[in-house]
Structures are given as C-alpha cells and as structure tokens.
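Coordinates in review
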Amino acid sequence: MTRTVYVNGEFVPETEAKVSIFDRGFLMADAVYEVTSVLDGKLVDYAGHAKRLERSLKELDMTLPVTLDELLEIHRELVKLNDLEEGGIYLQVTRGSAGDRDFIWPDPETTKASLVLFTQSKPGNAMSEKAKAGYKIITVPDIRWHRRDIKTVQLLYPSMAKMMAKKAGVDDAWLVEDGLVTEGTSNNAYIVKDGKIITRALSNDILHGITRASVLKFAKEAQMEVEERSFSVEEAKAADEAFITSAGAYVTPIIEIDGEAVGAGASGPVALRLREIYIDEMRKAAI
Ligand code: PDD
C-alpha cells in the first residue's frame, strides 16, 4: 500500500515525497525525531512526545516550522489518511537545506527547518505474543555522544548495536558505560529485585523516555517501589526480572542477558503487569 506522508506543508503519496540532497538531516544528522505510538487509531502519550520534541529543538537552537496545534492536526490527518489502527507515527525535524554543504549552521531566518512525518502500521503490536514472551539481549559498550537526552537522528551506533544483537541471534542490546547499563538501543532499561523496580536516573546519559515517565507513574500508583539509580550488568543478570520501555515496545520483558537467564528465564510478573496497566491506561487516555 502506498502511504500518504507529510512533507513540509503537503500530504503526498510516499513515492512523490521529496527533500533536498542538501538537507542537513541527510548530510549531518542535524535533526531530531519523535515516534508516537498509535492504538485504536489514536495517539498514545502524545503530550509527552510533543513536549520532548520542543525540548530537543530548543537544545539545538531549532524552531518547529508549524505551531503545536498544527502538529497535532498533522498527526491526526496522517492517521486518518492512512486508516492507521495500530502502529506509530515517525516525525523528523531537520535544520533544513541551505543549498550547499557547510558545517556552520544556516541562518534560521533564511533557511527554514524541514518537517517530515510518516505512519508505520504494526497490526497486533499491543497484543504481540513475542513481546509478552520476552526478549533476549546482549550487552555492548555505549560509545554514543554525551547528549543522549536530545532525541537526534544520529542512530548509526544504535543501529550497529542492533546488528550485533542480530548476529548473536538475540532480539536487542543494552548499552554499558563504566560497567553500568545506560539504556537499550532504542528503549529504557529496568531491573526488578525483591519487588523493587530499578532504573537509571534521568541525566544527559539517557533519553528521557516518555513511556518511562508514564510507566513509573503507574508503578507508583499501584504501590510498587521505584528506585532511580544506575545498575551494573552483573546486578541485572542476578535480578528477579528485567524489562524495557519504549513507544514501540511499550513494556517488554527481558528474559536473557548475554546468554544468562534473568530470574526464571521467562517473562516476570512485574513486567507483565506493567505492560497490561500501561496498554490499558493508554487505550483510555489516547487522543
Ligand atoms: N526510541 N532510549 C532510546 C535511546 C530511544 O531511542 C528510545 C525511543 C527510548 C524510549 O523513549 P520513549 O519511551 O519516549 O519511546 C529510550 C524510539 C521508539 C525509536 O527510536 O524508534
């Protein structure tokens, strides 16, 4: 099926969508992005994603070329035009094209940021048996830059780490710095020990996950204990449970790390409960 996508003010068939070869997103990874999940044809945790987008743009001195109201309307129109029931919307803002390659940023008065959005259909994502059964992961060194709190499109290393996982015959990888887990390639990382949920505190070392914020809020509301601190790979391997969160994976259990079973080597009750709560609550709150 040919999708209808959004490019700089226009809804066009994906085959007709065009951006310049001089676009700084293409040449310099000078761009930020968001992925918003869609459930029952509605946007999940949208306010959080819009807010983080604004923050990423501000950190890089970029300006959104549309208003926030217009941005929401573009999301909704794309869902409608593509009959999207379940999946996600990918959004990218780049610093635009100044008509040549230059390390120096162009003047935003004359070079407008570029905005692209498209849908990705993933029927059955929320009910995925594979996700409920849990993922196996490996750990790899975290060699990314130190502004991981900005959601930039510099995804070469996360992509390499996913390829390392694929070659190792597992589903994903956790990134490790100074012996401590930072986060997953495209998700936040958690362990559960003696009923307590442990996840790295927010800093420039990790992306401030929108799913993370909601899941921790729901966990606290359900009287679960949460501790925001770093943990080591050894601690993770000795934990009762482990899991990840992201807009695409929601809450997905981790059942094996570097070939060693986590807990009983099967999806744990805390992770599965949080997955259920998150999906149920989001179905109610999606807009
Ligand atoms: N990734 N950490 C990293 C490095 C991420 O790339 C992501 C999201 C997350 C989770 O953030 P959120 O809960 O807001 O989705 C954490 C998206 C889904 C992606 O790149 O496809």
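Residues numbered from 1 in each chain as written. Predicted model: local features only at pLDDT ≥ 70, side-chain atom pairs only at ≥ 80, totals over all residues. Heavy atoms only, no water.

Tallying secondary structure elements over the chain gives eight helices and 15 strands in all. Its C-alpha atoms give the chain principal-axis dimensions of roughly 55 × 40 × 35 Å. When burial is assessed residue by residue, the chain has 50% of its 287 residues classed as buried. Of the accessible surface of the chain, which amounts to about 13800 Å², a share of 54% is contributed by carbon and sulfur atoms. Within the chain, one finds 36 positive and 46 negative side-chain charges whose respective centroids are separated by 2 Å. (Helix = DSSP H or I, 4+ residues; strand = E, 2+ residues; numbered from the N terminus. Buried < 20%, exposed > 50% of the residue type's maximum accessible area, 1.4 Å probe, protein only. Areas by Shrake-Rupley, 256 points an atom, 1.4 Å probe, with all protein chains shown as cover. Lys, Arg positive; Asp, Glu negative; His and termini not counted. Charge placed at Lys NZ, Arg CZ, Asp CG, Glu CD.)

Next up on the list: the site of the ligand. Around the ligand there are 19 residues in total, and Tyr33, Arg52, Glu183, Ile210 and Thr211 lie nearest to it. The separation between an oxygen atom of the ligand and a polar side-chain atom of tyrosine 33 is 2.6 Å. One nitrogen or oxygen atom from the main chain of isoleucine 210 is found 2.8 Å from an oxygen atom belonging to the ligand. Taken by itself the ligand offers 470 Å² of open surface, and the protein chains cover 88% of this. Only strand 3 (31–39), helix 2 (46–59), strand 9 (180–184), helix 6 (210–221) and strand 13 (241–246) provide two or more residues apiece to the shell around the ligand. Partitioned by chemical class, the residues of the shell around the ligand number five nonpolar, ten polar and four charged. (Near = heavy atom within 4 Å. Polar contact = N/O pair within 3.5 Å; in protein donor to acceptor, adjacent residues only side chain to side chain. Nonpolar A, V, L, I, M, F, W, Y, C, P; charged D, E, K, R; others polar.)

This part is about the packing of helix 2 against helix 3 (residues 68–81). Two elements in contact, helix 2 and helix 3, have axes separated by 12 Å at closest approach and are oriented at 130°. Relative to helix 3, helix 2 is oriented oblique. In the packing of helix 2 onto helix 3, the handedness of the crossing is right-handed. Between helix 2, through Tyr46, Leu53 and Glu54, and helix 3, the contact on the second element is made entirely by Leu68, Leu71, Leu72 and His75. The residue inventory of the contact of helix 2 with helix 3, partitioned by class, reads five nonpolar, one polar and one charged. (Axes fitted to C-alpha atoms, helices over the stretch in contact; angles between N-to-C directions. Parallel < 35°, antiparallel > 145°, perpendicular 65-115°, else oblique. Left-handed = near helix turned anticlockwise from the far one by under 90°. Contact = heavy atoms within 4.5 Å.)

With that settled, the discussion passes to the pairing of strand 8 (residues 172–177). Of all six residues that make up strand 8, six are buried, and the element is covered over most of its length. Covered by surrounding structure in strand 8 are Asp172, Trp174 and Val176 together with Ala173, Leu175 and Glu177, the residues of both alternating faces. Pairing of strand 7 (residues 135–141) with strand 8, which is carried by five bridges, proceeds in the parallel orientation. Paired with isoleucine 138 across the two strands is alanine 173, which belongs to strand 8. Bridging between strand 8 and strand 9 involves three bridges; their strand directions are antiparallel. Residue tryptophan 174 lies in a different strand from strand 9, and its bridge partner there is glycine 184. Remark: two residues form the turn of the hairpin made by strand 8 and strand 9, two consecutive strands paired antiparallel; aspartate 178 in that turn has positive phi of roughly 50°. (Pairing = 2+ DSSP bridges.)

Here we take up the sheet that holds strand 2 (residues 10–13). If you trace the six strands from one edge of the open sheet to the other, you get 2-1-6-5-3-4, paired in antiparallel fashion. The sheet terminates laterally at strand 2 and strand 4 (42–43), the two strands that pair on one side only. Across the sheet, helix 2 lies against strand 3, strand 4 and strand 5 (87–94), angled at about 180° from strand 3, the strand it touches most.

Take the pattern of salt bridges next. One pass over the structure, following the stated rule, counts 30 salt bridges. With a closest N to O distance of 3.0 Å, glutamate 227 and arginine 229 form a salt bridge. We note a salt bridge from aspartate 258 to lysine 237, for which the minimum N-O separation is 3.3 Å. Of the two residues, aspartate 258 is situated in the loop between strand 14 (250–257) and strand 15 (260–261) and lysine 237 in helix 7 (residues 233–237); the sequence distance between them amounts to 21 residues. A residue is classified by how much of its surface remains accessible, and aspartate 258, at 29% relative accessible area, is partly exposed. Its relative accessible area of 22% is what places lysine 237 among the partly exposed residues. Overlapping salt bridges bring together Asp142, Arg144, Arg148, Glu177 and Glu183 as one network. (Salt bridge = Lys/Arg side-chain N within 4 Å of Asp/Glu carboxyl O.)

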